[in-house]
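# Descriptive analysis of the structure
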Amino acid sequence: MKKKKILVKEEYCIGCRLCEIYCVTAHSESKNLIKVFRYELGEVAPTVIVEEKEYTTFAVQCRHCEKASCVQACITGAMHRDNGTGAIYVDQEKCVGCWMCIMVCPYGVIKRGVNKKKVASKCDLCVDREMPACVENCPNEALVLTEVGES
Amino acid sequence: MRYVIIGIGPAGMAAADAIREIDEKSELVMITSEEVAGYSKPLITYFLGGKVDEKRMFYRFPWCFEEKNISVMTGTEIVQVDPNEKRVISKRGEEIPYDKLLIATGGSPFVPKIEGVEKEGVFTFTQWKDSKMVASYIVENNVAKAVVLGGGLIGLKTTEALLELGLKVSVVELADRILATTFDKKASQIMTRALQSRGCEVYTDDTVVQVKGKRKVSKVLLKSGREIKTKLLIIAVGVRPNVGFLEGSGIEVNRGVIVNERMETNVENVFAAGDCAEFRDPSTGESTNIAIWPVAFAEGEVAGYNMAGRPVKYQGGVPMNSVELAGLATISVGFTNVEDNGVEILKYFKEEENVYRKLVLKDGRLIGAVFVGDIDRAGIYTGLILQKVDVSSFKNDLLREDFGLVYLPKEYRKKLMEGELKVWLE
């Protein structure tokens, strides 16, 4: 199975945070950048995290691990791997917000959902789009999409 | 080849998946003493509180077993394992042959000797049927007030569910604080206050010595002399590995079934994993029985692979728990109660926001972490604990509000990003 994977190139990241902005927009109701920042900010949050320390910056989102601790630790079965895409998703209907996934993710990229729904929130690799929004809008190729695994 | 797995909890299910990953064809039988297979045990308190319905109780739907060509025997209690004849025997007398056997029977609730404990209205709380029985008992008897004996995770999650149903609840804990085995003192204190603010009474250094009432519970008497009127008593003082049926089988049992890093017992072709197993770490010789979901899952997976012929070793785990109680999210990982000389503690506490973080360091390594209120990115610390990363060079950054991967040594971060770190398995 071929699997999409986002590579993080910290040496190219300029810390512009466009990935965050486009991530929020892509996961919003309106999909409109201006409307999102005006009306939807309490409802949706980015699932990509930008980190910064002195001259080092990079963006990181769910790694969709081969052996995923979050899937192992999930008590409901909400956190699961999709057999088609190989990516890891949260079934928001099943999640009860026990935060076992937050406890075990070594990347710290699973968050508590914002819109009062107490469910885990994480990168879904932009399932509805050809190219994840963060990658598409990264101006310096600090986030790059590749395909791994056998076809 | 015929695989038999006793127990359909996380260890059993993970083992079945691991076996099927390698071997799609061989016969695979899963056995449970319960009437339902594939549901998630930690959800029984959510079910009682009305947060999870029947359908969402299923970690794995019954038809998923069929899809994977797994035969399931429900309502089948195994009373004997006979390694000489390679078979297990059920209470009804069925003989089930195996080539490879996994014991994943979990734990059974411990019920202390209390006068009157056999009365109606006294329940343990570890299975879905307990949750259903308690729910109907509450309705049928107009229960407005409950006593929960045991202030551990099961007891408190049950307490939360009962509060959710509008009951008044008193928690009685033998130790000097609730959550004594899983969280540190400060966290216990914060959680106690949070529970009290929701109208829950918490009695520590105390226990139930007598259950009063004719046929049904009407009140309980505590060791301290206090009497509490209640129609419902939940006993949640702990679980013990469910291994009684192995007596006489020749399988080595201490607290749990002793297993090595491949989850093999001392008897050939017999494996054990999860809450009923006790992992003996070959590097230290010490054995541990860490009864938590992620460990059960990982051990089950290791057992499954080895049963199906792929040699995999378990790296060992640490205790860890995540629980949200009275609206407060809390996580505890590793060793958080150690206070000997060689240990360094880093912490901060924001009282007005109920935010508390504590890190325990020993010999330059992180060995424990507690988070209350703010649990964001807790897993990064768990990673450092499990990977035994030397944190001395960035120790002072560990409690920064913006702490993240960027503060980790570049080498470790690189390994992480490239997905080269192996958690649990080797």
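Structural notes, computed from the coordinates. None of the values given here were measured: they were computed from a predicted structure.

## Thoughts on the overall build of chain B
- On a plain count of helices and strands, chain B comes out with 9 helices and 26 strands.
- Computed over the C-alpha atoms, the radius of gyration of chain B is 23 Å, within 12% of the 22 Å expected from 2.2 N^0.38 for a compact globule of 426 residues.
- Expressed along its principal axes, the backbone C-alpha trace of chain B runs to roughly 65 × 60 × 40 Å.
- Within the span of chain B, comprising 426 residues, buried residues form 57% of the whole.
- Sequence separation of at least 24 residues holds for 60% of the intrachain contacts in chain B that already meet a minimum separation of 6.
- Element-wise, carbon and sulfur atoms account for 46% of the exposed surface of chain B, whose accessible area totals about 18400 Å².
- In chain B, 56 side chains carry a positive charge and 60 a negative one; their mean positions are 4 Å apart.

## Section: the packing of aromatic side chains
Residue and element names in this part refer to chain B.
- Applying the stated criterion across every chain, the model contains 13 aromatic pairs over all chains.
- Aromatic pair Phe123 and Tyr137: ring centres 5.4 Å apart, planes at 70°, arrangement edge-to-face. Of this pair, Phe123 sits in strand E9 (residues 122-124) while Tyr137 sits in helix H4 (residues 128-140), and the two are 14 residues apart along the sequence. Like Phe123, the residue Tyr137 is buried in the burial classification.
- Considering the side-chain rings of Phe349 and Tyr356, the 6.1 Å spacing of their centres and the 90° angle between planes classify their relative orientation as edge-to-face.
- On the basis of relative accessible area, Phe349 is assigned to the partly exposed category, the value being 28%.

## So, the pairing of strand E3 (residues 56-60) of chain A
- Most of E3 of chain A sits inside the fold, with 4 of its 5 residues counted as buried.
- Here strand E2 (residues 49-53) of chain A hands over to E3 of chain A after 2 residues, with Glu54 of chain A in that stretch at a positive phi of 45°.

## Some details on the environment of Ser332 of chain B
- Here Ser332 of chain B lies in strand E23 (residues 328-334).
- Taking relative accessible area as the criterion, Ser332 of chain B reaches 3% and is therefore assigned buried.
- Linking Ser332 of chain B and Lys358 of chain B, residues 26 residues apart in sequence, is a C-alpha distance of 9.4 Å.
- If near-sequence neighbours (up to four positions away) are discounted, Ser332 of chain B is found in contact with Met103 of chain A together with Thr182, Phe183, Pro319, Met320, Asn321, Ala369 and Val370 of chain B.
- At a separation of 2.7 Å, a polar atom in the side chain of Ser332 of chain B contacts the main-chain carbonyl oxygen of Thr182 of chain B.

## Some thoughts on the sheet that holds strand E1 (residues 2-6) of chain B
Residues and elements named next belong to chain B.
- The sheet built from 5 strands is open, its strands ordered E3-E2-E1-E7-E19 with parallel pairing. Taken across any chain shown, the strands that pair with only one partner, and hence form the sheet edges, are strand E3 (71-73) and strand E19 (270-272). With direction set aside, neighbouring strand axes in the sheet form an average angle of 20°.
- The pairing of E1 with strand E2 (residues 27-31) spans 5 bridges and is parallel. Within the sheet, the bridge partner assigned to Ile5 lies in E2 and is Met30.
- Running at roughly 175° to E2, helix H1 (residues 10-22) makes contact with E1, E2 and strand E7 (100-103) of the sheet.
- With respect to the sheet, helix H7 (residues 293-307) is in contact with E1, E7 and E19, its orientation differing from that of E7 by roughly 175°.

## Some words on the sheet that holds strand E16 (residues 232-235) of chain B
Residues and elements named next belong to chain B.
- Sheet architecture is open: 5 strands sit in the order E9-E16-E10-E11-E12, paired in parallel fashion. Strands at the two margins of the open sheet, each flanked by one partner only, are E9 and strand E12 (201-203). Looking at each pair of strands side by side, their axes are set apart by 20° on average, direction ignored.
- Sheet analysis places strand E10 (residues 145-149) next to E16, joined by 4 bridges and oriented parallel. Bridge pairing in E16 links Ala146 to Leu232.
- Docked against the sheet, helix H5 (residues 153-164) engages E10, strand E11 (168-172) and E16, running at close to 165° with respect to E11.

## Some remarks on the interface of chain A and chain B
- The partner chain B presents 46 residues to the 37 residues of chain A that form the contact.
- Of the roughly 3400 Å² buried between chain A and chain B on both sides combined, carbon and sulfur atoms contribute 56%.
- Considering only the side of chain A, the residues that lose the most area to chain B are Gln72, Ile75 and Met103 of chain A, jointly responsible for 21% of the buried surface there.
- Joining chain A to chain B, the criterion identifies 21 residue pairs in polar contact (both at pLDDT 80 or more).
- The set of elements that each furnish at least two residues to the side of chain A that touches chain B consists of E2, E3, helix H3 (69-73) and helix H4 (100-104) of chain A.
- In terms of residue class, the side of chain A that touches chain B is made up of 20 nonpolar, 7 polar and 10 charged.

Analysis parameters
Residues numbered from 1 in each chain as written. Chains lettered and ligands numbered in written order. Predicted model: local features only at pLDDT ≥ 70, side-chain atom pairs only at ≥ 80, totals over all residues. Heavy atoms only, no water. Helix = DSSP H or I, 4+ residues; strand = E, 2+ residues; numbered from the N terminus. Rg over C-alpha atoms; globule rule 2.2 N^0.38 Å. Buried < 20%, exposed > 50% of the residue type's maximum accessible area, 1.4 Å probe, protein only. Contact = heavy atoms within 4.5 Å. Areas by Shrake-Rupley, 256 points an atom, 1.4 Å probe, with all protein chains shown as cover. Lys, Arg positive; Asp, Glu negative; His and termini not counted. Charge placed at Lys NZ, Arg CZ, Asp CG, Glu CD. Phe/Tyr/Trp six-rings, centres within 6.5 Å; stacked < 30°, edge-to-face > 60°. Pairing = 2+ DSSP bridges. Polar contact = N/O pair within 3.5 Å; in protein donor to acceptor, adjacent residues only side chain to side chain. Axes fitted to C-alpha atoms, helices over the stretch in contact; angles between N-to-C directions. Buried area = accessible area lost by both parts, 1.4 Å probe. Nonpolar A, V, L, I, M, F, W, Y, C, P; charged D, E, K, R; others polar.

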